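The residues making up each chain are set out below.
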Amino acid sequence: MTTKKFKRNDLCLSLCGLNCSLCPMLIRGGCTGCREGSSCYMICEFAPCSIEHGNLDYCFECEEYPCEKYDGVDLHDSLISHRNQKKDMEKAKRIGIENYRKEQMLKKEILNRLLAEYDTGRRDVFFCLAVNLLELDDLEIILKEADEQTVNMNLNDKSDFMKKALNECGEKRNIELKLRR
């Protein structure tokens, strides 16, 4: 391996296209991100490749993207969904990283609200997954509806309402809100 240091300037979107800001490990404080010395870096096949290609911030900046490292990358999940990894990378490339980051920050705000107002302490992974996979417009509509309909509910009922609403949206969009192992 090369002796150059791998560095990340964006802790919102990973080098390979994962939405780090929507990851339960990062939210729980158990992730140091994909930088040299972290557990992610130790198992990441993308980081050394980035160094070899000039310390790129995103794989889409490479003239070889998408390469064989992306073959099957979206077939399984870890604690964060890999389902949209290539799709999100393409979107960031198409609309520009600043616009993509703005969208992700809006999603992060929604996730923060879900965790603060609708989580009973056991739905963080589900909420992270839903916010990651569903479109921003759908999430905003669901949150507005839930805010109106759950005013007098206790936290357990609010959490159940939100889970049901997110699952129903996922079903309409043909998106299963379950991690694939």
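Residues numbered from 1 in each chain as written. Predicted model: local features only at pLDDT ≥ 70, side-chain atom pairs only at ≥ 80, totals over all residues. Heavy atoms only, no water.

Overview of the packing of helix α4 (residues 85-95) against helix α5 (residues 97-117)
Moving on, step 1. Where α4 contacts α5, the two axes come as close as 6 Å, and the packing angle between them is 125°. The angle between the axes of α4 and α5 places the two elements in the oblique class. Side by side, α4 and α5 meet where Asp-88, Lys-91, Ala-92 and Ile-95 of the first sit next to Ile-97, Asn-99, Tyr-100 and Glu-103 of the second.
Moving on, step 2. Taken together, the residues of the contact of α4 with α5 break down into four nonpolar, one polar and three charged. (Axes fitted to C-alpha atoms, helices over the stretch in contact; angles between N-to-C directions. Helix = DSSP H or I, 4+ residues; strand = E, 2+ residues; numbered from the N terminus. Parallel < 35°, antiparallel > 145°, perpendicular 65-115°, else oblique. Contact = heavy atoms within 4.5 Å. Nonpolar A, V, L, I, M, F, W, Y, C, P; charged D, E, K, R; others polar.)

What about α5?
Moving on, step 1. When the terminal C-alpha atoms of α5 are compared, their 30 Å separation across 21 residues agrees well with the 30 Å that a helix rising 1.5 Å per residue should span.
Moving on, step 2. As for α5, its buried residues are in contact with α1 (24-27), α4, α6 (124-133), α7 (136-149) and α8 (155-172). (Expected span 1.5 Å × (residues − 1).)

Side note on the pattern of salt bridges
Moving on, step 1. For the coordinates displayed, the defined rule picks out 13 salt bridges.
Moving on, step 2. Overlapping salt bridges, with partners in common, bring together Asp-77, Arg-83 and Arg-180 in one network. (Salt bridge = Lys/Arg side-chain N within 4 Å of Asp/Glu carboxyl O.)

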